[in-house]
Amino acid sequence: MKTVLMVAEKPSLAQSIAKILSRGNMSSYKGLNGACSVHKYTGTFAGQPVHFKMTSVCGHVMTLDFLGKYNKWDKVDPAELFSQAPTEKKEANPKLNMVKFLQVEGRGCDYVVLWLDCDKEGENICFEVLDAILPVMNSSQNGEKTVFRARFSSITDTDICNAMTRLSEPDHNEALSVDARQELDLRIGCAFTRFQTKYFQGKYGDLDSSLISFGPCQTPTLGFCVERHDKIQSFKPEAYWVHTDKEESLLLDWDRVRVFDREIAQMFLNMTKLEKEAKVEATSRKEKAKQRPLALNTVEMLRVASSALGMGPQHAMQIAERLYTQGYISYPRTETTHYPENFDLKGSLRQQANHPYWADLVKQLLAEGINRPRKGHDAGDHPPITPMKAATEAELGGDAWRLYEYITRHFIATVSHDCKYLQSTISFRVGPEHFTCVGKTVLSPGFTEIMPWQSVPLEESLPTCQKGDTFTVSEVKMLEKQTSPPDYLTEAELITLMEKHGIGTDASIPVHINNICQRNYVTVESGRRLKPTNLGIVLVHGYYKIDAELVLPTIRSAVEKQLNLIAQGKADYHQVLGHTLDVFKRKFHYFVDSIAGMDELMEVSFSPLAATGKPLSRCGKCHRFMKYIQAKPSRLHCSHCDETYTLPQNGTIKLYKELRCPLDDFELVLWSSGSRGKSYPLCPYCYNHPPFRDMKKGMGCNECTHPTCQHSLNMLGIGQCVECENGVLVLDPTSGPKWKVACNTCNVVAHCFENAHRVRVSPDTCNTCEAALLDVDFNKAKSPLPGNETQHTGCIFCDPVFQELVELKHAASCHPMHRGGPGRRQGRGRARGRRPPGKPNPRRPKDKMSALAAYFV
């Protein structure tokens with residue numbers, strides 16, 4: 001029988017789809033990468049019996065990046081990134097070995113059915129999958145079609161089975177539009193980001209951002225926030241006056257609303273305050289309707305999640321995607337607010353008929369007949385976001401339930417009736433001035449029963465009266481007020497502006513908002529309002545000063561239109577790419593030539609490097625103190641030599657016992673991620689200028705291959721890490737009395753020998769695994785050694801005495817291929833740990849597995 005390979009976008013989706021298509025009659029096994037399962041069953045395809053294999057990827061298989069030296073900031077002019085720098089597709093997550101996994105599963109298959117998400121990104125991933133598996137699939141015979149695309153909007157039996165019977169082809173044009181966007185964002189973003197980061201971080205010490213990034217969508221998004229900030233700062237309050245008139249039990253509103261001249265306001269007050277009666281000039285009663293909402297799309301969901309549920313857009317999107325993969329809602333990335341004619345609205349509504357919160361309303365709707373949803377916008381992508389099965393608060397919990405509840409209430413509201421109410425209006429005359437009173441009475445609540453926050457507010461009922469009736473005036477007052485400035489943009493308002501101006505897509509809008517928060521360009525205040533920081537304000541003002549189009553939404557909106565034309569097959573990929581890069585290349589050169597204009601603004605808001613930070617360690621060149629600049633990115637600066645040295649981030653830095661590097665005489669500093677985390681010393685100069693060929697920039701003393709330095713890997717290294725392939729476990733000599741051994745590559749930390757008086761790495765190695773032995777001295781009163789011994793030398797991997805004293809506290813998940821298996825223990829260090837020629841590297845037998853390796857079983 002022939003074999004059909006089917007590929008979904010996420011492992012959970014693959015399992016759900018396979019379960020539906022196989023009716024649960026399938027077998028499963030883990031793929032070689034450990035992240036994706038393969039589900040097998042038999043069935044029919046194209047009228048013949050076949051073997052089905054359903055598996056998945058984990059999002060994008062490949063990512064776009066520059067080749068070789070073009071990833072090194074110090075060696076490449078950013079201007080070269082626009083055209084000269086070659087790019088290549090690399091595996092998005094090399095640890096997953098996704099390409100190899102797909103080739104193993106695709107080898108010998110005859111057909112492929114692509115179940116990737118049905119949007120532009122999904123189409124792009126389709127072709128990434130095909131690039132991996134087509135070379136290893138069986139060749140088609142007689143031109144037979146072998147590649148198929150399944151299109152679906154929800155994980156329901158009906159939708160999945162229908163998609164399987166209506167297979168189409170992947171859309172190459174939509175995939176190309178994603179390729180174009182990726183390349184534009186990479187080249188433009190990297191060029192501007194590298195230039196302005198190097199320029200400004202080389203001059204100012206308190207920018208408090210590790211990256212001064214620029215993005216074709218990110219920067220206009222920031223521009224909206226700063227534009228509102230500027231309006232607030234330039235706002236000048238203005239006094240105005242209003243009149244209120246109280247007639248017996250009614251409060252009347254002045255028809256003039258307000259006046260901005262006090263004397264005129266006083267004149268009107270004088271004309272009315274002597275009047276004792278208010279005469280009815282006219283009455284009206286009109287039935288009105290408050291429309292039910294349009295069907296829910298992504299942007300509206302994100303707006304409500306932020307403004308009403310207090311969730312950030314990216315967090316809300318992650319929850320929605322999880323609800324989708326679990327089958328609770330339909331596909332959450334859609335621009336459409338119009339249900340197609342053949343959409344089973346009643347079927348979706350019946351799913352909610354027994355829900356404890358809204359069962360009565362749903363049953364009433366089904367009995368009386370649902371109301372057809374309002375006609376919205378049909379973007380031609382996916383149906384509006386719809387609940388696909390019932391769920392309870394206990395089942396989902398937390399934010400997932402809150403978002404699901406809103407989506408469900410919104411859906412029920414769209415098929416409910418409009419809210420109808422009676423609006424009564426009475427017009428009064430008090431002397432020469434006119435006043436009005438309005439009241440509302442609900443006739444039929446309609447959709448507001450399921451969305452009570454949208455209900456018509458309860459107001460006092462108005463008295464029954466006719467034209468000519470009079471009421472006694474009890475009080476006429478004049479109140480002085482002031483105009484108030486607008487508030488900072490909320491996330492919901494920003495999402496609206498981004499959608500209006502075509503900045504980003506429904507899927508990328510949350511990412512752009514999250515980016516400006518992560519870069520410290522804005523802070524999220526109460527009410528999820530976005531307040532720009534000094535850095536964000538200065539950047540936007542600088543762009544306006546040099547080239548306003550860099551921050552205005554117009555140019556990016558035009559680019560988005562061109563990308564959409566590529567997706568529709570109406571524009572040439574290469575022409576759009578070439579033209580857009582040429583435009584931004586010219587803008588980049590002008591920006592570089594005019595950077596002094598932005599620098600003038602920076603000088604006003606930020607302090608130069610020499611005036612920032614506190615003295616910490618001595619420079620090895622001039623022997624003067626260098627200043628430690630704690631603001632992101634943390635670094636050391638020598639004002640005498642005018643040199644800046646980068647440091648490890650996301651930890652604390654302190655002087656390391658005033659010890660010096662034997663190579664360059666710089667004082668060492670100690671980086672630490674906390675008392676339970678990693679710490680290691682480093683030389684600021686070696687960290688930035690590797691002294692040996694086998695070292696890279698950014699390596700501390702725990703990776704230094706100096707043959708004799710007491711802080712180096714050669715002197716403190718113990719053996720190969722139990723988790724990663726390239727790391728070495730290194731003793732942390734500063735950690736006593738709570739001693740630690742930590743990997744110099746990954747985040748494995750082993751706590752050992754608590755309360756030991758001294759721990760040293762022995763020059764001898766273990767006969768079994770070649771790891772370095774440890775000499776441990778305990779205090780006699782606290783010694784855990786048998787027979788109250790205070791000294792012991794052994795291997796932490798193989799010595800049964802030490803195995804009981806080692807506890808692994810922090811580790812990322814181990815590669816499944818190595819989990820629980822016998823480990824290869826090479827000698828410590830890179831020089832001293834090499835095996836003698838001809839001596840095999842033994843594998844440690846299973847009965848000798850250490851406490852460290854056993855952790856992964």
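Caption draft 1: Region of the structure containing the packing of aromatic side chains. With the rule as written, the count across this model stands at 34 aromatic pairs. Considering the side-chain rings of Tyr41 and Phe52, the 4.9 Å spacing of their centres and the 20° angle between planes classify their relative orientation as stacked. Remark: Phe52 occurs in strand β4 (residues 48-56) and Tyr41 occurs in strand β3 (residues 37-45); sequence separation between them is 11 residues. Accessibility assignment for this pair places Tyr41 and Phe52 in one class, buried. Aromatic pair Trp401 and Tyr404: ring centres 6.0 Å apart, planes at 35°, arrangement tilted. Placement of the pair is Trp401 and Tyr404 together in helix α13 (residues 398-414), with a separation of three residues, close to one helical turn. Of the aromatic side chains, those joined through ring pairs into one cluster are Phe82, Phe192, Phe195, Tyr199, Phe200, Tyr204, Phe214, Tyr543, Phe588 and Phe591. Seen from the ring of Tyr328, Lys389 lies directly overhead, with NZ or CZ sitting 4.6 Å from the centre. Sitting over the face of the ring of Phe625, Arg618 holds its NZ or CZ atom 4.2 Å from the ring centroid.

Caption draft 2: Expanded view of the environment of Ile546. Along the chain, Ile546 turns up in helix α16 (residues 534-546). Between the C-alpha atoms of Ile546 and Pro733, which are 187 residues apart in sequence, the distance is 52 Å. What Ile546 contacts, discounting residues up to four positions off in sequence, is Tyr590, Phe591, Ser594, Ile595 and Met598.

Caption draft 3: Local environment of empty space enclosed by the protein. Under the definition given, this model contains three cavities of 30 Å³ or more. Approximately 120 Å³ is the volume found for the largest cavity. Around the largest cavity, the lining comprises 16 residues; the ones closest to its centre are Cys661, Cys683, Cys686, Cys701 and Cys704. Its residues assigned to classes, the lining of the largest cavity comprises 12 nonpolar, four polar and no charged.

Caption draft 4: Looking closely at unusual backbone geometry. The step from Lys632 to Pro633 runs through a cis peptide bond, and the omega angle for that step is -10°. The residue Pro633 is located in the loop between β18 (625-629) and β19 (635-638) in this model. Residue Pro737 follows Gly736 across a cis peptide bond; omega there is 5°. Relative to the helices and strands, Pro737 is located in the loop between β25 (728-732) and β26 (740-743). The residue Val257 is not glycine, and still its phi comes out positive at about 70°. Along the chain, Val257 turns up in the loop between β10 (250-254) and α7 (262-273). Residue Val257 is classed as exposed on the basis of its relative accessible area of 54%.

Caption draft 5: Local environment of the nonpolar core. Counting 130 residues, the largest nonpolar core has Met6, Trp115 and Leu403 as its most contacted members. Core analysis: the second largest hydrophobic core is formed by 36 residues, Cys724, Val761, Leu774 and Phe797 among them.

Caption draft 6: Expanded view of the sheet that holds β4. Strand order in the open sheet formed by six strands is β2-β3-β4-β1-β7-β8, with mixed pairing between adjacent strands. Where the open sheet ends on each side, the last strands, each with one partner, are β2 (27-30) and β8 (147-149). Sheet twist, expressed as the average angle between the axes of neighbouring strands with direction ignored, equals 25°. In terms of strand pairing, strand β7 (residues 111-115) meets β8 through three bridges, oriented parallel. Note on β8: the bridge partner recorded for Val112 is Val147. Together, β1 (2-8), β3, β4 and β7 form the strand contacts of helix α1 (residues 11-21), whose direction differs from that of β4 by roughly 155°. Where helix α4 (residues 157-165) meets the sheet, its contacts fall on β1, β3, β4 and β7, and the angle it forms with β7 comes to roughly 140°.

Caption draft 7: Representation of a nonpolar patch on the surface in the model. Where nonpolar side chains cluster on the molecular surface, the patch consists of Ile264, Met267 and Met271 and spans about 240 Å² of accessible area. Position of Met267 among the secondary structure elements: in helix α7.

Caption draft 8: Representation of the pattern of salt bridges within the structure. Under the defined criterion, the tally for this structure stands at 35 salt bridges. Across the pair Lys90 and Glu88 runs a salt bridge whose closest N-O atoms are separated by 3.8 Å. Residue class for Lys90 comes out partly exposed when judged on its relative accessible area of 27%. Note that Lys587 and Asp547 form a salt bridge whose closest N and O atoms lie 3.0 Å from each other. Highlighted residues: Lys587 in helix α18 (residues 573-593) and Asp547 in the loop between α16 and α17 (553-567), separated in sequence by 40 residues. Side by side, Lys587 and Asp547 carry an identical accessibility label, which is buried. Where salt bridges share partners, they join Lys10, Asp117, Asp119, Glu321 and Arg333 into one cluster.

Caption draft 9: Just the layout of surface pockets, in detail. Volume-wise, the second largest pocket comes out at about 930 Å³. Along the walls of the second largest pocket sit 26 residues, with Trp73, Asp74, Thr646, Asn688 and Lys697 positioned nearest its centre. Secondary structure elements with two or more residues in the lining of the second largest pocket: α5 (172-201), β20 (643-646) and α20 (684-688). A total of four residues in the lining of the second largest pocket trace back to one element, the largest contributor, which is β20. Considered class by class, the residues forming the lining of the second largest pocket number seven nonpolar, 12 polar and seven charged.

Caption draft 10: Seen up close, the pairing of strand β22 (residues 667-672). Of all six residues in β22, six are buried, a share of seventy percent or more. On β22, burial covers both faces: Glu667, Val669 and Trp671 on one face and Leu668, Leu670 and Ser672 on the other are all buried. Pairing between strand β21 (residues 652-660) and β22: five bridges, direction antiparallel. Residue pairing for β22: Thr652 is matched across the bridge by Ser672. Where β21 hands over to β22, the hairpin turn is made up of six residues, of which Asp665 adopts a positive phi near 70°. Across four bridges, the pairing between β22 and strand β23 (residues 679-682) is antiparallel.

Conventions adopted
Residues numbered from 1 in each chain as written. Predicted model: local features only at pLDDT ≥ 70, side-chain atom pairs only at ≥ 80, totals over all residues. Heavy atoms only, no water. Phe/Tyr/Trp six-rings, centres within 6.5 Å; stacked < 30°, edge-to-face > 60°. Helix = DSSP H or I, 4+ residues; strand = E, 2+ residues; numbered from the N terminus. Buried < 20%, exposed > 50% of the residue type's maximum accessible area, 1.4 Å probe, protein only. Lys NZ or Arg CZ within 6 Å of the ring centre and 35° of its normal. Contact = heavy atoms within 4.5 Å. 1 Å grid on protein atoms, 1.4 Å probe; cavity = no way out; pocket = protein on both sides within 12 Å on 5 of 7 lines; lining within 4 Å. Points joined across faces, edges and corners; volume = space filled by probe spheres on them. Nonpolar A, V, L, I, M, F, W, Y, C, P; charged D, E, K, R; others polar. Core = buried A, V, L, I, M, F, W, Y, C linked by side-chain atoms within 4.5 Å. Pairing = 2+ DSSP bridges. Axes fitted to C-alpha atoms, helices over the stretch in contact; angles between N-to-C directions. Patch = residues over 30% accessible without salt bridge, like charges linked within 9 Å, V, L, I, M, F, W, Y side chains within 5 Å. Areas by Shrake-Rupley, 256 points an atom, 1.4 Å probe, with all protein chains shown as cover. Salt bridge = Lys/Arg side-chain N within 4 Å of Asp/Glu carboxyl O.

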